[in-house]
Structures are given as C-alpha cells and as structure tokens.
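Observations on chain architecture
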Amino acid sequence: MKRIVSVVLAAGGALLLSAASAQAQVSVGVGGGLALPTGTLKDGVKTGWNALANVGYDLPSGLGIRGDFYYAQHKFKGGVDAKFKFAGGLGNLLYNFKSAGTIHPYILGSVGFMNAKTDVSGAPSETKIAFGGGAGLKFKIGSDANLFAEGRYITVNTSGDNANFIPITVGVSFGLK
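Residues numbered from 1 in each chain as written. Predicted model: local features only at pLDDT ≥ 70, side-chain atom pairs only at ≥ 80, totals over all residues. Heavy atoms only, no water.

Let's talk about the confidence of the model for the chain
Rule in force here: Looking at any residue, its pLDDT shows the predictor's confidence there, from 0 to 100. In this description, contact between two residues means that some pair of their heavy atoms is separated by no more than 4.5 Å.
In the predicted model, the chain carries a mean pLDDT of 89, and 87% of its residues have values of at least 70. The model gives residues 18-22 a pLDDT under 50, and that stretch makes five contacts with residues more than four places away or in other chains.

Written as structure tokens, this is what we have:
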C-alpha cells in the first residue's frame, strides 16, 4: 500500500511540475474547526476539534497539490477522563473550479499517515495509512489572501474497525510570491 501511495504522489507531483507556469501560486495556510466522528468511532468518542497547517501549490489550470499537517482531539464518552488523538500528514490533489467572482469552489483527495492514540496509561498508539476526500470554498479577502471552509471524510486504517471522521475546517491562506 505504501508503494501505491508513493507512486500516486510522485505522479501527481510530476504532472503539476511539468505544467508549471509563471502564474503558479504557492500558499501557506492555517485553520481549525470541528472533528465529527462517524461509524464505530462515534460510539466511543464525542465531537472534537481539529487544527491544520498547510503548504500548497496551485496552477492556472485549476490543478494543485497541498501538504497538510493535521491534529485532532476527542473526549471519550461515558465519563472516561481521557482523550483520543489523531496527528499526521496528508498529501492532497486539488482541483480549483474557475469562477468569475470572489468565491472559488474546490475538491480534494487526500492520502497520508495518521497516528492514533489515547492518553490512557499503557494504551498503544499506531500510525496507519489515512485517505479521504472532500470539498471546500475559498473566499478572496485580499490580493494574496483567502478564507477557506472545507469538509472532508477521512478514514484511518486502524487495527480492528477503521476510524472514520469528518473534519470541518475554517481557516486563512496566504499566497507567496
């Protein structure tokens, strides 16, 4: 599986670099929001919060790549005084739809690795492959700045049942020249 992820990321990177032009835009961003557990994860943990930092590269064609550092934290249900945490990195392929106004929709596919752990003494932590997809909106707020709001569905291949969640993130990104 690691080989497949590496090949997909390398192919996407090569495609983007081969199509590079003077109008390409590098950006950095930060954001945060809700992390909604789904499936069996929802049975054990409450809605939590997430934080995100990223670096992206967008081409005039609408294609882009983005690397995310992601962190989320959830409290356990049932009066357990402990937290369930995700931390990891995701590589994303994006497509930014062209629009005439100041609102620009986009879709993204994500693949990477997440570490899942609890702060319960003696509980194991594991780093597993994560993947997902979603959509978002960018709102232009300056010559090189955007607000963004996005939602994704992410699956982490943890032992036993997969851990599935929906991060809803709002943030700001700045273009670098």
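With respect to the pairing of strand β7 (residues 145-156)
Spelled out, the test is: Two strands are counted as paired when DSSP detects at least two bridges linking them. We count a stretch as a helix when DSSP gives it H or I for four or more residues in a row; a strand needs E for two or more, and each element gets its number in order from the N terminus.
As defined by bridge partners, strand β6 (residues 126-140) adjoins β7 across eleven bridges and the pair is classed as antiparallel. Its bridge partner lying in β7, G132 is registered against I154. Hairpin geometry of β7 and strand β8 (residues 163-176) is characterised by an intervening segment of six residues between the two adjacent antiparallel strands and by a positive phi of about 75° at G160.

Here we look at the nonpolar core
Threshold: Among the buried residues, those of types Ala, Val, Leu, Ile, Met, Phe, Trp, Tyr and Cys that are joined through side-chain atoms within 4.5 Å form a nonpolar core. Throughout this description, buried means an accessible area under 20% of the type-specific maximum (1.4 Å probe, protein chains only), exposed means over 50%, and partly exposed covers the range between.
Membership of the largest hydrophobic core comes to 22 residues, with the highest contact counts inside it found for L41, Y70, F84, F86, M114, V156 and F165. Where this core is concerned, the elements lending two or more residues are β3 (63-75), β4 (83-96), β5 (103-118), β7 and β8.

Remarks on the pattern of salt bridges
This is how the line gets drawn: Between Lys or Arg on one side and Asp or Glu on the other, a salt bridge is scored when a side-chain nitrogen of the former is within 4 Å of a carboxyl oxygen of the latter.
Applying the stated criterion to the full structure yields five salt bridges. For E150, the salt bridge identified is with R152, shortest N-O distance 3.3 Å. Comparing E150 with R152 shows no difference in burial state: the two are buried. Linked by salt bridges that have partners in common, R66, D68, E150 and R152 make up one network.

A look at a nonpolar patch on the surface
To be explicit about the condition: Each patch is built from salt-bridge-free residues with over 30% relative accessible area, joining like charges within 9 Å and nonpolar side chains (Val, Leu, Ile, Met, Phe, Trp, Tyr) within 5 Å. Per-residue accessibility takes into account occlusion by the displayed protein chains alone, with areas from the Shrake-Rupley method and a 1.4 Å probe.
Residues V26, V28, V55, F174 and L176 make up a contiguous nonpolar surface patch of roughly 380 Å² in combined accessible area. Where the nonpolar patch is concerned, the elements lending two or more residues are β1 (25-38) and β8. Within the element layout of this structure, V28 appears in strand β1.

What about the packing of aromatic side chains?
Under the convention used in this document: For Phe, Tyr and Trp, rings pair up if their centres lie within 6.5 Å, where Trp contributes its six-membered ring, and each pair is then called stacked (planes under 30 degrees apart), edge-to-face (over 60) or tilted (otherwise).
Tallying each qualifying case throughout the model produces six aromatic pairs. Between F84 and F86, the aromatic rings sit 5.1 Å apart at their centres with planes inclined by 85°, giving edge-to-face as the arrangement. Across the pair, exposure class does not vary: F84 and F86 are buried alike. Their ring planes at 80° and their centres at 5.0 Å tell us that Y95 and F97 sit as a pair that is edge-to-face. What makes Y95 partly exposed here is its relative accessible area of 30%. Accessibility expressed as a relative area gives 37% for F97, which makes it partly exposed. Three or more aromatic residues joined by ring pairs form one cluster here, namely Y70, F76, F84, F86 and F165.

Quick notes on the environment of N157
Put simply, the test is: Any pair of N or O atoms that falls within 3.5 Å is considered a polar contact. Within protein, one atom must be able to donate a hydrogen and the other to accept it, and sequence-neighbouring residues count only if both atoms are side-chain atoms.
Topologically, N157 is positioned in the loop between β7 and β8. In the structure, N157 is positioned 29 residues away from K128 in sequence and 5.8 Å away in space, judged by C-alpha atoms. At a separation of 3.4 Å, a polar atom in the side chain of N157 contacts the side chain of N162.

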